[in-house]
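Listed below, chain by chain, are the residues.
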Amino acid sequence: MKYTEVTSSTRASSSALASSYTRATRVLGWAALAALALNTWWGLWLSPPDVVQGQFVRMLYVHPAVATMCYAGFGICALGSAAWLWPRLRSPRWDRLAVAGAEVGAVFCAATLFTGSIWGRASWGVWWTWDARLTLTAVLFALSLGYLALRRAVDNPESRAMVSSIVAMLMALTVVVDHYATSWWVTLHQNTTLFKVGPTVHGWQLATMLVSFVAFGLVFAWMVVHRYRLEVLEEQYEAVGLQSALEARRSEVQGLTGARSPAEVPVR
Amino acid sequence: MVLSVRLRSAVALAGRYPLLAGADLDVRTGEIVVLRGANGAGKTSALRVMAGLLPLAAGQASVLGLDPMADARALRRRVGLLGHRNGLYDDLSAEENVYFAVRAARLPKQAVPSALERLGLREGLRTLPTGRLSAGQRRRVALAVLLARRPELWLLDEPYAGLDAEHRELLDKLLREVTEAGATVVLATHEDRTAEVLAGRVVIMAAGSVVDGLLPDEATGLPSRAADVAQPGACRASLEAPFVA
Amino acid sequence: MWRDAVLVAAKDLRIEARAKVALNQVVPYALVVLLLFGFAFDQDRPLLVQAAPGLFWLAVLFSGLLAAQRSFSIEASDAAIDGLRLSGLEPAGIFLGKAVAVGAQLVALEVLLTGGIVVLFHTELTGAGLLVASALLSTAGVAAAGVAYGALSMGLRVRETLLPLLLAPVLAPVVLAATEAWRAALRLSTGDGWRWLGLLGCFAAIYLAGGVLSFGALMEGT
């Protein structure tokens, strides 16, 4: 889809999108807050401490959910990139979805590393352990930063979409390779994974964990929707900026030569 | 007469800045068009759009009958662009540079010596790494690369830069020869006498669009100024039968 | 495509033969990196012997970054990249040609660096088959990924810093797998070295195929 078609379609919907808030996201936002509150209450008060890990088990109500949302974000990025690359499906909305997924995923990835590190420090006394999943997550984080940096470096929206979808696909395949590499590497050195959620999670703990998934899931969805809309708003802003830049450039002609100005250019 | 190039309301961007803000241009096959205009007028961008190197954000372009965006690969083989920089590999000799371009275009390597000779590059210069040549010599090597590829459309950006009088005449002669053989030339230059000498049509650009020198059939409903800017020895086409767009 | 690849590889290698950048700059850099590792590990001999494969592949990674950047700086220097795009060469061929050229330079470097670790870290060379096989596959992967991402970063303003940021995490599995393969070959670990070879093969296949398919778009994109 050419850039011009993007601008016309976003122009058409501009009346519907003056800001990135709509009633739907307001509801979503409040629901997310409520679920988070519930999660905090159950997590910190209602559910009992673990036999083995004591109070530190409460990390169970944050870390796994956050990690899952991180993978979900990157998964969305990969799917959006694949969809964009598919000729018949190609449309700017996939590219917007890809960047929304990647950015929100990166935020959750940082949170995963942070909470994982805290949990490790609290339970085992170490800030970092070379277990397979944590290592993989760290590599994933670095890859996502590279992807986001690349997006920022390309100006033209169409080439940016093309280039970042290709890179997203390559990175997705690399992650598969990384998964095997890190898990083999870990078993080679006989590290045990810290964060295996054993079969002993039940009752209040299980329930609270489920609540945490719902809560962070809602937060994730809310962030992705807003990021997507932010992208739409940016495109609209660019289109408006382009029009005024075109007009400014054309008005230079009058000043310079005093000749007739070229015919008005409708930006289709 | 057939049109080699047709640009309509071409808009090309660099980030948010419009390099071309709605340019119209027609170039007939076999003609020499001289683009004039101040720095920043969009001459280089127009040439790059015609070469298929700069995508259009709006408007239409048709070069040698092809869409420069959709059929870029097919088009680029038939087009030759000489930019501000020469596009040479400094560590390779003139011969090796031309050879690479010729083999890439799948042309026979016999084209190499004749192209170098035609641009006045004598034996001794051909084997030196181009990084050691003077600016004018490098320009001539770049022109030799272009010549050896035998493009149908020559797009030249300041080709006379660094050339002395003798070699300017050489280039003029070369351009006349290739157009007589059927190629089309569009060149951007600050030189004053060029259009006269080459019997070319002058097109003036300013602020990203074409403001003067348009052909009569381009001006949709507006009076043509083409006749006013016609130089002595103006485009032969005006004397010929109406052209086919 | 193969014709074009040979032409481009020959051109790149000829330029390298004349300019000798890899020989005069990248090789000494890699050797100095090994020396620096020695300083960083405080001459601890048993530790250096253990760490040698990892340090070797790190040095190759850093040099690979330089080689990839160099592969495109020769195109950028006189805007030769425009000529390359107009040349009529198939992008997949350009990709393969450049990857072969970078790979060849890296292989030569690796031979010298092997000598380096034998001398500096007192490594004993055993398991030549696995060493060579894993080195070739790793090099293929590094070269392919380096050229693919190098093309991307070429036209961008932030080229020098973006390429390392993109390439380093991507090459992480190569460093990991190649190190483990070499550790197994050098009898520093008891793992099965050959399955790491499979991983390296997958990585190389992904980037060679990915590059061939997408190089056209990557070259235009910036």
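Residues numbered from 1 in each chain as written. Chains lettered and ligands numbered in written order. Predicted model: local features only at pLDDT ≥ 70, side-chain atom pairs only at ≥ 80, totals over all residues.

1. Remarks on the overall build of chain A
The helix and strand tally for chain A stands at seven helices and zero strands. Ordered by position from N to C terminus, the α and β elements of chain A give α-α-α-α-α-α-α. Sorting the 268 residues of chain A into buried and exposed places 38% on the buried side. Taking contacts inside chain A between residues at least 6 apart in sequence as the whole, the part at least 24 apart equals 81%. (Helix = DSSP H or I, 4+ residues; strand = E, 2+ residues; numbered from the N terminus. Buried ≥ 20, exposed ≤ 12 C-beta atoms within 10 Å, placed from the backbone. Contact = placed C-beta atoms within 7 Å.)

2. Re the overall build of chain C
Summing up its helical and strand segments, chain C has nine helices and zero strands in all. Helices (α) and strands (β) of chain C occur, in sequence order from the N terminus, as α-α-α-α-α-α-α-α-α. For 222 residues, the compact-globule estimate of 2.2 N^0.38 gives 17 Å, and the C-alpha radius of gyration of chain C, at 17 Å, lies within 12% of that figure. The dimensions of chain C, computed from C-alpha atoms along their principal axes, are 55 × 35 × 30 Å. Residues counted as buried form 59% of the 222 residues belonging to chain C. Within chain C, contacts between residues at least 6 apart in sequence are counted, and of these 84% link residues at least 24 apart. (Rg over C-alpha atoms; globule rule 2.2 N^0.38 Å.)

3. Looking at the interface of chain C and chain A
Taken together, the contact between chain C and chain A spans 27 residues of the former and 23 residues of the latter. A class-by-class count of the residues in the side of chain C that touches chain A yields 18 nonpolar, six polar and three charged. (Nonpolar A, V, L, I, M, F, W, Y, C, P; charged D, E, K, R; others polar.)

4. Things to note about the nonpolar core
Core analysis: the largest hydrophobic core is formed by 229 residues, its most contacted members being Val98(B) and Ala144(B). Residue contributions to this core peak at 15 residues, all from helix α3 (residues 45–76) of chain C. Contact partners of Ala144(B), with chain neighbours within four places excluded, come to Ala94(B), Val98(B), Ala115(B), Leu116(B), Leu119(B) and Leu121(B). (Core = buried A, V, L, I, M, F, W, Y, C linked by C-beta atoms within 7 Å.)

5. Regarding the sheet that holds strand β1 (residues 3–14) of chain B
All names here are of chain B. Read across the sheet, three strands follow the order β2-β1-β4 without closing on themselves; strand pairing throughout is antiparallel. In this open sheet, the two edge strands, each paired with only one partner strand, are β2 (17–28) and β4 (58–63). Sheet twist, expressed as the average angle between the axes of neighbouring strands with direction ignored, equals 20 degrees. Pairing geometry for β1 and β2, over nine bridges, is antiparallel. By the bridge assignment, leucine 7 is partnered in β2 with leucine 25. Strands in contact with helix α1 (residues 43–51) are β1, β2 and β4; relative to β2, the strand with the most contacts, it is inclined by about 65 degrees. (Pairing = 2+ DSSP bridges. Axes fitted to C-alpha atoms, helices over the stretch in contact; angles between N-to-C directions.)

6. Examining the confidence of the model for chain C
Detailed reading of the predicted coordinates is not advisable wherever pLDDT falls low. Per-residue pLDDT for chain C averages 88, and the proportion of residues at 70 or more is 99%. The ipTM, which scores confidence in the relative placement of chains, is 0.85 for this predicted complex, and the corresponding pTM is 0.84. (pLDDT = per-residue confidence, 0-100.)

7. Description of helix α7 (residues 165–180) of chain B
All names here are of chain B. With 16 residues, α7 ought to run about 22 Å at 1.5 Å a step, and its terminal C-alpha atoms sit 23 Å apart, in line with that. Buried residues of α7: Leu171, Leu175 and Val178, and no others. Buried residues of α7, viewed axially, fall in a sector of 70 degrees; they line one side. Seen from the open side of α7, the exposed residues pointing more than 90 degrees away from its buried face are Ala165, Glu166, Glu169, Glu177 and Glu180. Packing partners of the buried residues in α7 comprise β3 (32–36), α6 (135–149), β6 (153–157), β7 (184–188) and α8 (194–198). Trailing α7 by a residue or two, glycine 182 shows a phi angle of about 115 degrees, which is positive. (Expected span 1.5 Å × (residues − 1). Arc of directions from axis to C-beta.)

8. Remarks on the packing of helix α5 (residues 91–120) of chain C against helix α6 (residues 128–154) of chain C
Residue and element names in this part refer to chain C. Where α5 contacts α6, the axes come no closer than 8 Å and their chain directions differ by 135 degrees. Of the possible angle classes, the one that applies to α5 and α6 is oblique. Seen from above, α5 lies across α6 with right-handed handedness. For the pair α5 and α6, the contacting residues are Phe95, Lys98, Ala99, Val102, Gly103, Leu106, Val107 and Glu110 in the first and Ala135, Thr139, Ala140, Val142, Ala143, Ala144, Gly146 and Val147 in the second. (Parallel < 35°, antiparallel > 145°, perpendicular 65-115°, else oblique. Left-handed = near helix turned anticlockwise from the far one by under 90°.)

9. As for unusual backbone geometry
For Ala207(B), which is not glycine, the phi dihedral falls at a positive 50 degrees. Inspection of the secondary structure assignment puts Ala207(B) in the loop between β8 (201–206) and β9 (209–212). Within the chain, Ala79(C) stands out as a residue other than glycine whose phi angle is a positive 55 degrees. Along the chain, Ala79(C) turns up in the loop between α3 and α4 (80–86). Note on Ala79(C): 15 C-beta atoms within 10 Å, which makes it partly exposed.

10. Re the sheet that holds β9(B)
Residue and element names in this part refer to chain B. With mixed pairing, the six strands of this open sheet are ordered in space as β5-β6-β7-β3-β8-β9. One side of each edge strand has no neighbouring strand; the edge strands of this open sheet are β5 (79–82) and β9. Neighbouring strand axes in the sheet, compared pairwise and without regard to direction, differ in orientation by 25 degrees on average. Lying on the sheet, α7 is in contact with β3, β6 and β7; it crosses β7 at an angle near 145 degrees.

11. Some thoughts on the packing of α6(C) against helix α8 (residues 172–185) of chain C
Residue and element names in this part refer to chain C. At a minimum axis distance of 9 Å, the contact between α6 and α8 shows a crossing angle of 170 degrees. In this view, α6 runs roughly antiparallel relative to α8, as classed from their interaxial angle. Here Leu130, Leu131, Ser134, Ser138, Gly141 and Val142 of α6 come into contact with α8, specifically with Val174, Ala178, Ala181, Trp182, Ala184 and Ala185. Per-class residue counts for the contact of α6 with α8 are nine nonpolar, three polar and no charged.

12. Here's the deal with the environment of Ala195(B)
Residue and element names in this part refer to chain B. Tracing the backbone shows alanine 195 in helix α8. Judged by the 25 C-beta atoms lying within 10 Å of it, alanine 195 is buried. The spatial distance from the C-alpha of alanine 195 to the C-alpha of glutamate 177 is 15 Å, given a sequence separation of 18 residues.

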